[in-house]
Amino acid sequence: MEDQTMDFSIKSADSKNSLATIKTDCIVVGVYEDRKLTSQATELDNQGIISNALENGDIDGKPGSSLLLREPSTATSRRVLLVGLGKKPEISEKDFRQAIDAAIKALSQTTVAHLLIALPLNNVSGRDVSWSIYSVLSAFHALLYRSDALKSEKGPSPKIQKAAFYIPSAEVTNAKKALAQAKAITDGMSLTQDLGNLPANICTPSYLAKQARSLAKKYKFDIEVLDKKQIEALKMGSFLSVAKGSDEPPKFIVLKHMNGKSKEAPVVLVGKGITFDSGGISLKPGAAMDEMKYDMCGAASVLGTFRAIGELNLKQNIIGIIPACENMPSGRANKPGDIVTSMSGQTIEILNTDAEGRLILCDALTYAEKFHPETVIDIATLTGSCIVALGHYNSGLFTRLDEAHDTLANDLIAAAKGSNDPVWRMPIEEAYQEQLKSNFADMANIGGQPAGCVTAACFLERFTKKYTWAHLDIAGTAWKSGTAKGATGRPVPLLCTWLINREKR
């Protein structure tokens, strides 16, 4: 399920490379509203072909508009594609993304194989060239990603093979670095989407372990994959209680990229790896239950992020932890009212077996203590309640309310904005903990319907007292339903951008 390969490069705008002399199938340039040309469009307009198109009203420069000029006499390119950028002097983020989408839509209806992108990438309001390059690659990734590997007949392959960015010579070094980072992020998204889209009879806990080993071999990560006996020895009673209902053996996967300073405290990423969630004895409704193969998208996002980490060879210590199992109904499965003992020693009354993600994550969060981490972030398709609260646009971001956690939350929010992978900070307050009280154990695994995503985060928070921690609830953002059904690859862009930003400290 790999996306189609596409070669991206940087072309320096200098005396050797003018737009009128570069040979390519198509040059993409922008025009503004009120018949204004970008500097790149002006460079191509020696004989007035572009300004004439504006004067004639063939394109109005509004965001999302486009016009393909064939066989222009002003360039060695066979075509010039004009895209509307909206109003001067600065382009809004929304208008820029609309322009890119319009360009891709227009190009996909042609035979163009090679193109040159000559847009004012440094003229987006509040953004730099790095953001613009990432936004372009992200848009092409959405076009090129394929999920038909298991179909006997494949869809037609996109014709675009190569794209170069026309960059002022002074910005070429930064642009090349930005391009490498953007490519790593989209490659990581591809792996996350591939794993999410696979059916649960293929993508089992053992399959996730196999993929982790493959990454470790390719990028020289350290890896441990703990089996049931080793998990039992660690006294992860909460995790094992979920796994015992299935015939698939559980796996506890630990990936280590230790490329920072020897005594530097690591970042730990913890991904929920329920490869299929039937709900257990608290069985889910049958409608759309097939989508519960996506309940391992937290785990998939950790693996996708590690792919990007490996490609960029980040100079940090980063650890990935994935508790992986199925949640199935059987004679061995958890029953409502059962009480289990977590690795932390805290006891949990299981009032609903479909609130299983927190039961496997709590032991993984306790295990993370052994690394004395600087920061721990867990990523999980945890609650339908988060979809009710935030829909399918923002992922839920939960942290404690203090200076260290406010800093972490602000850094994650900044990374979310920089990667077009939005989050919204939700509360964790002591008042919500009251809903998790149990008459028979230290806590219940659910707190009732009100604020369900908040009480789920409050449950996890009880196991994170020894480090700075954030929880990302991606239940509404990890995949799409309906005719566009498929994994999105989120929040790989957010996680990668946050890690890249850490590198700049």
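Look above for the structure.
Residue positions are given per chain, counted from 1 along the sequence in the order it is written. Given that the model is predicted, a residue must reach a pLDDT of at least 70 before its local features are reported, and side-chain atom pairs must reach 80 or more before they are shown or counted; all residues, however, enter totals for whole chains, interfaces and linings. Heavy atoms from the whole structure form the basis of all side-chain values; hydrogens and water molecules are not counted.

(A) Quick look at the nonpolar core. Counting residues in each nonpolar core, the largest one holds 52 residues, and the members touching the most others are Leu-208, Leu-303, Ile-377 and Leu-472. The contact criterion used is simple: two residues touch if any of their non-hydrogen atoms lie within 4.5 Å. The residues contacting Leu-208, other than those within four sequence positions of it, are Leu-195, Cys-203, Ile-253, Thr-275, Met-296, Ala-299, Leu-303 and Ala-324. What we call a nonpolar core is a set of buried Ala, Val, Leu, Ile, Met, Phe, Trp, Tyr and Cys residues that are connected through their side-chain atoms within 4.5 Å. Throughout, exposure labels follow a simple rule: accessible area from a 1.4 Å probe, protein chains only, divided by the maximum for the residue type, with under 20% read as buried, over 50% as exposed, and the rest as partly exposed. Ranked by size, the runner-up nonpolar core spans 48 residues in total, among them Phe-96, Ile-133, Ile-160 and Ala-163.

(B) Spatial organisation of the pattern of salt bridges. Salt bridges are identified by distance alone: a Lys or Arg side-chain nitrogen within 4 Å of an Asp or Glu carboxyl oxygen. Tallied over the entire structure, the rule returns 22 salt bridges. Between Glu-224 and Lys-256 there is a salt bridge whose closest N-O contact spans 3.8 Å. Of this pair, Glu-224 sits in strand S8 (residues 222–226) while Lys-256 is found in strand S9 (residues 251–258), placing the two residues 32 residues apart along the sequence. Using a relative accessible area of 33% as the deciding quantity, one classes Glu-224 as partly exposed. Arg-502 is the salt-bridge partner of Glu-374, the closest N and O atoms lying 3.0 Å from each other. Within this pair, whereas Glu-374 is found in the loop between helix H10 (357–367) and strand S15 (375–380), its partner Arg-502 is found in helix H15 (residues 492–503), the two being separated by 128 residues in sequence. Salt bridges sharing common partners tie together Glu-93, Arg-97 and Arg-127. Helix and strand definitions here come from DSSP, where helices need a minimum of 4 consecutive H or I residues and strands a minimum of 2 consecutive E residues; each element is numbered from the N-terminal end.

(C) Main features of the packing of aromatic side chains. Two aromatic rings, drawn from Phe, Tyr or Trp (for Trp, its six-membered ring), form a pair once their centres lie within 6.5 Å of each other, and the interplanar angle then sorts them: stacked below 30 degrees, edge-to-face above 60, tilted otherwise. Evaluated as defined, the whole model comprises 10 aromatic pairs. Aromatic pair Phe-8 and Phe-165: ring centres 6.4 Å apart, planes at 25°, arrangement stacked. Here the residue Phe-8 occupies a position in strand S1 (residues 7–13), and Phe-165 occupies one in strand S7 (residues 162–168), the gap between them amounting to 157 residues. Grouped by ring-pair contacts, the aromatic residues Phe-239, Phe-252, Tyr-367 and Phe-371 constitute a single cluster.

(D) View of the packing of helix H5 (residues 172–197) against helix H9 (residues 297–312). Only C-alpha atoms enter the line fits that serve as axes; for helices the fit covers just the stretch in contact. Angles between N-to-C directions range over 0 to 180 degrees. Running from N to C, H5 and H9 cross one another at 150°; their axes reach a closest spacing of 8 Å. Taken together, H5 and H9 sit at an angle that is classed as roughly antiparallel. Considering only the axes of H5 and H9, their crossing is right-handed. Only Cys-297, Ala-300, Ser-301, Leu-303, Gly-304, Arg-307, Ala-308, Glu-311 and Leu-312 of H9 make contact with H5, whose side of the interface consists of Ala-180, Gln-181, Lys-183, Ala-184, Ile-185, Asp-187, Gly-188, Leu-191, Thr-192, Leu-195 and Gly-196. Its residues assigned to classes, the contact of H5 with H9 comprises 10 nonpolar, 6 polar and 4 charged. Angles below 35 degrees are treated as roughly parallel, those above 145 as roughly antiparallel, those between 65 and 115 as roughly perpendicular, and all remaining angles as oblique. In this scheme the handedness of a crossing depends on how the near helix is turned from the far one: anticlockwise by less than a right angle means left-handed, clockwise means right-handed. Side-chain classes are defined by residue name, with Ala, Val, Leu, Ile, Met, Phe, Trp, Tyr, Cys and Pro counting as nonpolar, Asp, Glu, Lys and Arg as charged, and the others, Gly among them, as polar.

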